Amino acid sequence: MDVIILCSSSSCCSKFKNGCAVTVTGTKSSVLSCNEAFVGIGIGDLKVLPSGLRVNWKKHKKKQLGLCGFVIRSSFDGVTVKKKPESSMSSEEVYRVLKSMSDPNQAFSYFNSMAELPRVIHTTETCNYMLEMLRAHGRVEDMVVVFDLMQKQIIKRSIKTYLTIFMGLNVRGGLRETPIALEKMRKLGLVLNGYSYNGLIHLLLKSGFCREALKVYRRMVSEGINPSLKTYSALMVALGKRRDTETVLGLLQEMESLGLRPNIYTFTICIRILGRAGRIDEAYGILKKMDDAGCGPDVVTYTVLIDALCNAGKLNNAKELFLKMKLSSHKPDRVTYITLLDKLSDRGDLDAVKEFWSEMEADGYLPDVVTFTILINALCKVGKVDEAFGTLDVMKEQGVAPNLHTYNTLICGLLRLNRLDEALGLFESMEALGLETTAFTYILFIDYYGKSGNFDKAIKTFEKMKTNGIVPNIVACNASLYSLAEQGRLEEAKEFFNGLKNCGLAPDAITYNIMMRCYGKAGRVDGAIKLLSEMEENGCDPEVVTINSLIDTLYKADRVDEAWKMFQRMKEMKIAPTVVTYNTLLAGLGKEGRVQKATALFRGMIADGCSPNTITFNTLLDCLCKNGEVDLAFKMLFRMTEMNCVADVLTYNTVIYGLIKENRVNYAFWLFHQMKKVIYPDHVTLCTLLPCVVKNGQIEDALRVAKEFVHHVGDHADGPFWEDLMGGILIEAEIGQSILFAESLVRNGICEDDSVLIPLVTFLCRHGKAGDAYNVFLKLTNSFSIKPSLEAYNVLIDGLLKARLSEIAWGLFYEMKNAGCAPDVFTYNLFLDVLGKSGKIKELFDLHEEMLLRGCKPNTITQNIVIFGLVKSNNLDKAIDLYYDLMSGDFSPTPWTYGPLIDGLLKFGRLEEAKQFFEEMLDYGCRPNCPLYNILINGFGKNGDVETASELFRRMIKEGIRPDLKSYSIMVDCLCMVGKVDDALLYFEELKLSGLDPDLICYNLMINGLGRSRRVEEALSLYDEMRNRGITPDLYTYNALILNLGISGMVEEAGKIYEELQLSGLEPNVFTYNALIRGHSMSGNPDSAYAVYKNMMIGGCRPNTGTFAQLPNQS
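Residues numbered from 1 in each chain as written. Predicted model: local features only at pLDDT ≥ 70, side-chain atom pairs only at ≥ 80, totals over all residues. Heavy atoms only, no water.

Undergrad: Would you mind going over the overall build of the protein with me for this structure?
TA: Of regular secondary structure, the protein possesses 59 helices and 8 strands. Considering the protein as a whole, with its 1115 residues, one finds that 50% of them fall into the buried category. Carbon and sulfur atoms make up 51% of the accessible area of the protein, which amounts to about 54200 Å² in all. (Helix = DSSP H or I, 4+ residues; strand = E, 2+ residues; numbered from the N terminus. Buried < 20%, exposed > 50% of the residue type's maximum accessible area, 1.4 Å probe, protein only. Areas by Shrake-Rupley, 256 points an atom, 1.4 Å probe, with all protein chains shown as cover.)

Written out as structure tokens, the structure is:
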């Protein structure tokens, strides 16, 4: 086969006027100069043109190229290039030429010819491109040639280089599989040299694969190749971060045994790692080894060792080492001074700090924010806060801006001296200066409040801080415990609570209260009550807060009688109920609808001298309005002012709601206007009032209110407001009225964007009216010039696709792009999902490519959709390849990634691979969910492996994943299929005990399983149970019973079931008739069988082959 290499570079063919042509005859080749004499002359398959050659190959048809001609005799009976251009070519030109070639033979020959040129240098880019092309065409042996070239010419090997080779060797999993890939590479002749090994180790470490890097290092050494010092240092740093001190020391010994001399950097790394591990003597040993090796330590080495000595509490040794530095050629630098000053400051050695501060300045190092803060800390620790503030002033005068740590240090010093107001003032000034406070700042105050007994302040400060912080006193501990309790982390809270006693801290009332609330949140009310008893036994008197918390917990647990008993016990405990106590009880009575008892409690509260607050009135009004006592609510509303309680927005909203509920719209409208005289309505007011105003046809009134509200709140009338308002109107009013109101809002300029369009479209789509939603969309966007946002397009497209109005959805997709509204990942995912589910893989990948070209980055959902689409279209192996490609990058899989892959493998009977994927999923930290377990259980069960299916079911429960209805149905189905009906019944009963209710499908599976096992009486019993539960049988139910009753000889009973089927309004199908015919035939009633057949034909039901097989006397 002859190959002609083309190059369009003008520099390559500069010797000729018009390019050159090559002709091949047999094994001979000749180079022809393409001057004017050859213009228009045909030479074999080539025609010479003034500007080059027209090539008659299909792939280059209609392309005109300037030609640098080389004919190559290749290993596959071709010819090789012998003619070389005299001019040099840039690597960019070579890369462009390579990319223009689609034939791997042509490209590889050109690649090799360029490698022979002295002034043409291949780069990582050209080599990687060649490797990828060869990989794509399965040319692994030629990949060896390219890689060898990279090694010989010392061309950098990138991650892409190795990943391409790995894929060519069918090694999946990316760089993580490097040790396996290297073994395969060696067998193929891809042998790494020292440069490659060192580079690969660095690439692995950079990618976070420390373990794999160490394995590659071991392989490198075993092959007699010495790693570089840089490689050893990089490995040591990575292992040091993992606290693997022994391996670091082992590497040091190994490099010395190989004759490599460690440098300063390597020794310093070892000293740092040993110092962090507290192994000071060994760190000194490394220092001595440095001297013995003639590799004296530098300033970094000394500083690292000083830091280690200070951390180990050996300050005198650190000072001695510092003096040794001063006398050596390696003088202390700024970092050395900061390290030593910081450690001395922490020890409260102010004199030593000042001494070294002076030395630092004498050495020419000006103080910076770090050193000033260290000095301030030392002053504060010895109580010299005023001097510390003086240092702060000096600091500012010298142009050094204090940072957050500086202010935290001063606050700490002030609080030590009980100068709280100054500390708070400084705290406020920090915020004014734009310094963002951290948890540490708040913890300082929590610690202070705890030590001073100000428990409420400590909790409030901790709550404001919103982060955990444990300080060694009960109040700070309470604050931390409060955080755990608020998050419902009961087990951790219990452990922390028990730890207080072990630490000698006695829980106080607040501690018990927090724990009781925590138990209550977890629904463990008995645990909360038990704590109250423990509290009293330990001599800790319960406070009203504790009792209030318990009453609230009991009410929420629906233990109302116990809540009232606790209320009555307060008198025995001599604890006076507070307004919070009464509010809690009133809220409970309101939920129960006990109006009379609520009003009686309210009167008793006043009689006991407990003044109600606004919350009390709001709670009572809510109870009255929700239970038809709106008139009484009106009286209570006016009584509030008599009792010095100010009605708030919630008060008015509650009463307006009550009036609207009774359809007293005019009264509600009147109260709305009265409300405006006192307090301005909020968006809840409008969302409560306007839906019924619109429903009453008072659209103009509704518009006036909306316009006034929008004018008052301005930008606060945002998307969520219009969504809530239109949502309420759509629920209350008719769709026509709602659309008319929306149009009026737009027409009158009250709402000028698509904020009213989105809720309209959402509502209509959600209620199965996507077509109407589209019409509304067109009207508001076209007639009223509303510019739809991306959200509006997405909501409508989603609704249209769900309604299977795909053509309109696609049209809208093109329209939005033409309108300049760029689709986002959600938009693309909608269409990709539709294409994937319909098996249109080509269209799916075309759209995916468009998505990338538009700069829209795919997310995990996108990749999951593509994987699902490939599996659904029977491209399982391509889906698996895509998965491994994704895992080589930064892809984070979810259960929805693995679901389709595992399902596909199971359906193809590849059970072991499915298991491997499941285990791999766990290795990647992806926790399976119930649907994924269902896929696994179903796959193994349907393949007859019910033991594995059962194991998976039990494993799911053990891992804390609750099986759903489908899980149980799958187990019932699979066990019935293999005849294990008793086991299926156990799962069926367990399903009912779990709190789930069997559905029609589950009953059908169990009824059919029992029938097939000739346990028809039990099947009939289950059939009756199903109907008693209100579940209507379907055709499958009737057919299963008719078939199995007939086979069991109970033809009469089968006939009764058939009659029930007819009465139910269902139409019997061919399987119904076949079951009846079979029953009569097996019972020796041929006439009855033919009578059924006759009825079947009269009824217009077409028989199938099974029908004729069941009829008697077919011979």
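Undergrad: Sorry if this is basic, but what is going on with the pattern of salt bridges here?
TA: Opposite charge on two side chains makes pairing possible when the charged atoms of those side chains draw close. One pass over the full model with this rule turns up 41 salt bridges. Ionic pairing is found between Glu223 and Arg186, a salt bridge with its closest N-O pair at 3.5 Å. On the criterion of sequence distance, the pair formed by Glu223 in the loop between helix 8 (210-222) and helix 9 (229-241) and Arg186 in helix 6 (residues 178-188) is long-range, its members being 37 residues apart. The partner of Lys289 in a salt bridge is Glu256, with the nearest N and O atoms 3.7 Å apart. In this pair, Lys289 sits in helix 12 (residues 280-292) while Glu256 sits in helix 10 (residues 245-257), placing the two residues 33 residues apart along the sequence. One continuous salt-bridge network, built from bridges that share partners, spans Glu989, Lys992, Asp997, Glu1025 and Arg1029. (Salt bridge = Lys/Arg side-chain N within 4 Å of Asp/Glu carboxyl O.)

Undergrad: Please clarify how the nonpolar core should be interpreted in this entry.
TA: Within soluble globular proteins, side chains that are nonpolar generally end up buried alongside one another. Counting residues in hydrophobic clusters, the biggest one holds 217 residues, and the most contacted among them are Phe741, Leu745 and Met1006. Counting residues in each nonpolar core, the second largest holds 127 residues, with Met150, Tyr232, Ala352 and Cys380 among its members. (Core = buried A, V, L, I, M, F, W, Y, C linked by side-chain atoms within 4.5 Å.)

Undergrad: Please explain helix 17 (residues 369-381) as it appears in this structure.
TA: Residue pairs spaced three or four apart in an α-helix point in one direction, given the helix's 3.6 residues per turn. Between its first and last C-alpha atoms helix 17 spans 18 Å; for 13 residues at 1.5 Å apiece the expected length is 18 Å, and the two agree. Counting buried positions over the 13 residues of helix 17 gives 10, a clear majority of the element. Along its buried surface, helix 17 packs onto helix 15 (334-346), helix 16 (350-362), helix 18 (385-397) and helix 19 (404-416). Gly383, located one to two residues past helix 17, shows a positive phi value of around 85 degrees. (Expected span 1.5 Å × (residues − 1). Contact = heavy atoms within 4.5 Å.)

Undergrad: Before we go on, may I ask you to explain the environment of Ser950 in this structure?
TA: By the element assignment, Ser950 lies in helix 50 (residues 946-958). Non-local contacts of Ser950, meaning those with residues more than four positions away in its chain, are made with Met971 and Tyr987.

Undergrad: Got a minute to help me understand the packing of helix 11 (residues 264-276) against helix 13 (residues 299-311) in this structure?
TA: Each pair of packed helices can be described by the angle between their axes along with the distance between the axes. Two elements in contact, helix 11 and helix 13, have axes whose closest approach is 9 Å; the angle formed by their N-to-C orientations is 5 degrees. Comparing the axis directions of helix 11 and helix 13 gives the class roughly parallel. Judged by residue contacts, Ile264, Thr268, Ile271, Arg272 and Gly275 of helix 11 engage Val300, Thr301, Val304, Leu305 and Ala308 from helix 13. (Axes fitted to C-alpha atoms, helices over the stretch in contact; angles between N-to-C directions. Parallel < 35°, antiparallel > 145°, perpendicular 65-115°, else oblique.)

Undergrad: Can you walk me through unusual backbone geometry in this structure?
TA: In terms of backbone geometry, most residues other than glycine have negative phi values and most peptide bonds are trans. Even without being a glycine, Ile154 presents a positive backbone phi close to 50 degrees. With respect to the secondary-structure elements, Ile154 resides in the loop between helix 4 (140-152) and helix 5 (159-168). Here Ile154 falls in the exposed class, since its relative accessible area comes to 54%. In this model, Arg1014 sits at a positive phi of 65 degrees, which is unusual for a non-glycine residue. The residue Arg1014 is located in the loop between helix 53 (1000-1012) and helix 54 (1016-1028) in this model. On the accessibility criterion, Arg1014 (47% relative accessible area) is partly exposed.

Undergrad: Looking at this structure, how should I read the environment of Phe427?
TA: With respect to the helices, strands and loops of the structure, Phe427 is situated in helix 20 (residues 420-432). For Phe427, a relative accessible area of 9% gives the class buried. Taking the C-alpha atoms as reference points, Phe427 and Asn408, separated by 19 residues in sequence, lie 8.5 Å from one another.

Undergrad: Help me out: how do you make sense of the packing of helix 1 (residues 91-99) against helix 2 (residues 104-116) in this one?
TA: Relative orientation of the contacting elements helix 1 and helix 2 amounts to 165 degrees, with a least axis distance of 10 Å. On the basis of the axis angle, helix 1 is roughly antiparallel to helix 2. Helix-helix and strand crossings are classified by hand; for helix 1 and helix 2 the assignment is right-handed. In contact with Val94, Val97 and Leu98 of helix 1, helix 2 contributes Ala107, Tyr110, Phe111 and Met114. Considering only residue class, the contact of helix 1 with helix 2 consists of 7 nonpolar, no polar and no charged. (Left-handed = near helix turned anticlockwise from the far one by under 90°. Nonpolar A, V, L, I, M, F, W, Y, C, P; charged D, E, K, R; others polar.)

Undergrad: What's the story with helix 45 (residues 860-872) in this structure? I'm lost.
TA: If you check helix 45, its first and last C-alpha atoms are 18 Å apart, about what 13 residues at 1.5 Å a residue would give, namely 18 Å. Restricting attention to buried positions, one finds in helix 45 the residues Thr862, Gln863, Asn864, Ile865, Val866, Ile867, Gly869, Leu870 and Val871. Close packing links the buried residues of helix 45 with helix 43 (825-837), helix 44 (841-853), helix 46 (876-887) and helix 47 (895-907). The N-capping residue of helix 45, defined by a side-chain oxygen 3.1 Å from the backbone nitrogen of Ile861, is Asn859. Trailing helix 45 by a residue or two, Asn874 shows a phi angle of about 65 degrees, which is positive. (Polar contact = N/O pair within 3.5 Å; in protein donor to acceptor, adjacent residues only side chain to side chain.)

Undergrad: Just to check I follow, could you spell out the side chain of Asn794 for this structure?
TA: With respect to the helices and strands, the residue Asn794 is situated in helix 41 (residues 790-802). With residues near it in sequence (within four places) discarded, Asn794 still touches Asp824, Phe826, Thr827 and Leu830.

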